[in-house]
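These are the residues of each chain, in order.
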Amino acid sequence: MNLKMKALTKSPWVYHLSTGSCNNCDIEILDCLTPRFDLERFGIQLVGSPRHADALLVTGNMTLKSMPRALEVYNQMPKPGVVIAIGTCSLGHGIFDGSYICPKTVDEVLPVDIYIPGCPPKPEAIIAGVAKLLNKLAGK
Amino acid sequence: MSEIIPIGPYHPLQEEPEFFKLHVEGERVTKLDIEIGYNHRGIEKLAESKSWDQVVFLVERICGICSTSHPAASVNAMEDAAGINAPERAQFIRMIVCELERIHSHLLWLGLAGHFIGYNTVWMWSWKYREIVCDVLEKISGNRQSYAMFKAGGVRRDILDEDIPWIRSSVDKLIPALDLFKGAVMDDPVIHARTKGIGILTEEMAKAYCVVGPTARASNVAIDVRRDDPYFLYDQVDFDVIVLGGGDVFDKAAVRILEMYESVKIIKQSLDLMKPGIVDLHIKEIPPGEGIGRAEAPRGEVYHYCLSDGSNFPARYKVRAPSYVNIFSNEVACIGQQVADAALVLAAVDPCYCCTERLIVVDNDTNKTREIKGNALIQLSHQRTEEIKKSLGIS
Amino acid sequence: MKWPDIEKKIKEKFGKQILKWAEHNERRIYADIPLPLLKEFVQFLLGPLKGRFIIASGVDTPRGVIEILYHFDFYQLPQVFSLRVMVDKKNPKVESLAGVSKAIEWIEREIHELLGIEFTGHPDMRHLILPDDWPEGNYPLRRDQ
Ligand code: SF4
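Cut-off values and rules
Residues numbered from 1 in each chain as written. Chains lettered and ligands numbered in written order. Predicted model: local features only at pLDDT ≥ 70, side-chain atom pairs only at ≥ 80, totals over all residues. Heavy atoms only, no water. Salt bridge = Lys/Arg side-chain N within 4 Å of Asp/Glu carboxyl O. Helix = DSSP H or I, 4+ residues; strand = E, 2+ residues; numbered from the N terminus. Buried < 20%, exposed > 50% of the residue type's maximum accessible area, 1.4 Å probe, protein only. Phe/Tyr/Trp six-rings, centres within 6.5 Å; stacked < 30°, edge-to-face > 60°. Lys NZ or Arg CZ within 6 Å of the ring centre and 35° of its normal.

A. Highlighting the pattern of salt bridges. All chains considered together, the criterion is met by 43 salt bridges over all chains. The salt bridge partner of B:E138 is A:K122, with a shortest N-O separation of 2.9 Å. With B:E138 in helix α5 (residues 120-141) and A:K122 in the loop between β5 (114-116) and α6 (123-137), this residue pair bridges two chains. With relative accessibility at 27%, the residue B:E138 sits in the partly exposed group. For A:K122, a relative accessible area of 26% puts it in the partly exposed group. We note a salt bridge from C:R28 to B:D229, for which the minimum N-O separation is 3.2 Å.

Given below as structure tokens:
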């Protein structure tokens with residue numbers, strides 16, 4: 001494992017990007033940070049700018065209006081970085097399938113590394129998903 | 001283009017991500033442009049391709065925080081079109097779910113408002129107590145959010161009798177927590193200094209912009225669908241509609257805190273009044289016609305209009321969420337405020353936040369555009385709290 | 001003022017011009033009116049009758065007309081009063097009510113982009129919820145789209 005990968009798997013900082021979600025996924029992400037689940041004990045922290053982030057948490061359908069912004073955010077993120085799609089919406093279209101305003105799925109726009117299904121996924125599921133990804137990156 | 005990403009790390013609670021352009025002179029805001037639509041998912045059109053049963057699931061996903069107010073308005077609209085009433089027990093179960101959600105939503109708002117003025121402890125505490133509500137909802141519906149409880153003509157799940165004592169004791173646990181918040185917010189001199197007289201929406205303006213919910217009730221406009229146009233069985237329980245007159249951020253917070261006590265009252269009464277019985281009428285179809293459904297969401301009146309042509313699918317489905325009118329009123333509430341207060345004012349209508357994440361500040365003197373990111377804005381806000389603390393001699 | 005008084009006042013003023021008066025039940029009242037009367041009617045509802053504008057819904061019908069329903073309530077009263085006007089699809093023009101109430105400004109922009117109705121005299125007809133580069137003449141809520 002090279003140095004960059006090692007840095008990535010230790011205390012990853014995440015940036016949360018909503019591309020047209022219904023909020024539930026976003027609330028559950030925030031929930032992971034609050035006292036009951038408290039992700040910060042693993043060094044996982046939400047940051048305010050994609051330039052500081054190691055991982056993008058993408059929630060929601062990709063709407064036409066947010067597509068260029070999402071790409072922009074992805075390009076600002078230093079590489080190597082991972083993209084985590086959270087919620088049924090960002091896996092496919094979920095319940096919004098067939099809408100005139102979301103022609104593409106998230107993984108057609110961004111290179112997604114891991115999918116966490118659920119509508120919304122429970123905080124436990126989000127934590128488990130992120131932990132699995134980190135283990136995989138660390139080659140375990 | 002990048003300056004328009006309205007997405008935030010700390011308040012990704014957007015129902016409708018918006019983008020605000022603030023025009024300032026020195027430190028004062030002189031004009032505000034609002035842009036919405038990042039979250040437009042074409043739900044009204046999609047609803048025309050879903051069956052009546054599926055529409056309830058679809059509208060549940062309009063907004064995750066009010067994920068039961070939209071279904072509530074939706075079943076009201078369908079039952080209005082079909083001219084039926086759900087069984088009594090189902091109505092009480094609906095009320096319990098609705099009020100639990102109001103508590104969770106207000107706690108969530110309180111936490112984020114606390115975060116905005118630099119009181120992260122308030123954030124952590126209110127989200128900690130929010131978990132109690134989530135647990136109760138999980139017990140009732142099986143999910144922490146998106147409860148999928150409602151359908152036209154009833155509810156999908158009954159509340160088990162053996163769960164009721166546990167629900168009651170959990171709800172009781174909320175009262176000391178609410179007392180804590182009431183004390184912390186109402187008596188804190190710093191919070192007073194930060195929120196009193198800030199972002200005033202006068203009664204006249206509140207009426208002109210037709211705002212709803214706590215935003216209106218803090219400006220002395222006494223409207224509450226639960227009392228004015230009682231749906232479910234709200235006319236059988238006893239509760240107060242909280243109305244305050246200041247119209248500033250402080251009153252908006254106070255209305256929300258006091259409302260949570262009323263919600264606890266309603267939940268307990270509903271548990272008492274609930275009698276055994278059926279919970280679903282098993283409606284097969286909605287006859288041709290129109291229906292209007294209203295419900296009081298945590299943020300205000302939700303309004304649904306449906307048109308049935310007798311088929312399995314709605315011919316037209318129209319949704320009006322409360323933030324739609326409330327956000328627009330920021331246009332007046334923000335004028336004359338300091339930039340450091342702007343985030344708080346925009347947040348005070350509980351607009352499903354992420355809106356405030358990125359603002360463009362146009363300096364009128366130099367006509368240069370200064371871009372302020374959401375984080376910088378929060379930092380400005382935190383600085384101001386520190387200044388006030390110093391001047392009050394608190395550290 | 002209770003609803004029967006409001007109803008009486010409305011009927012006194014516009015009685016003959018109302019095309020259809022339908023009471024779905026005692027809380028949901030619909031009135032069809034001719035398009036040219038709209039502005040005066042809304043001014044009357046919001047002014048002397050102290051109504052509150054809720055929202056407008058545009059409905060595309062198979063009959064070649066687009067219906068717009070303007071929904072109102074009267075603060076503490078349970079009634080919802082809906083005004084219905086028919087707009088010809090070939091010439092979809094309606095006089096803007098943005099000057100009457102601020103709250104109507106946004107929904108007119110929305111109906112404009114979703115149903116393609118032109119509101120004459122509206123101060124700001126930019127896109128509200130669709131992206132700026134949305135193709136002209138593509139109105140998602142029209143039946144033929
Ligand atoms: S996956 Fe479900 S909960 Fe998550 S944003 Fe989509 S609809 Fe909402």
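Don't stop here, the text continues.
B. Molecular detail of the packing of aromatic side chains. Taken as a whole, this structure holds 15 aromatic pairs over all chains when the rule is applied. Relative to B:Y234, the ring of B:Y231 lies with its centre 5.1 Å away and its plane at 65°, an arrangement referred to as edge-to-face. For the residue pair B:Y231 and B:Y234, the accessibility class agrees, reading buried in each case. Measuring from centroid to centroid gives 5.9 Å for C:W3 and C:F81, while their planes differ by 50°, and the two rings are tilted. Here C:W3 is found in helix α1 (residues 3-14), whereas its partner C:F81 is found in strand β5 (residues 80-88), with 78 residues between them in sequence. Its relative accessible area of 7% is what places C:W3 among the buried residues. Three or more aromatic residues joined by ring pairs make a cluster, and in this case those are C:W3, C:F14, C:W21, C:F41, C:F44, C:F74 and C:F81. Stacked on the ring of B:W127, the Lys or Arg B:R130 has its end atom at 4.7 Å from the ring centre. Directly above the aromatic system of B:W166 lies the positively charged group of B:K139, at a separation of 5.0 Å from the ring centroid.

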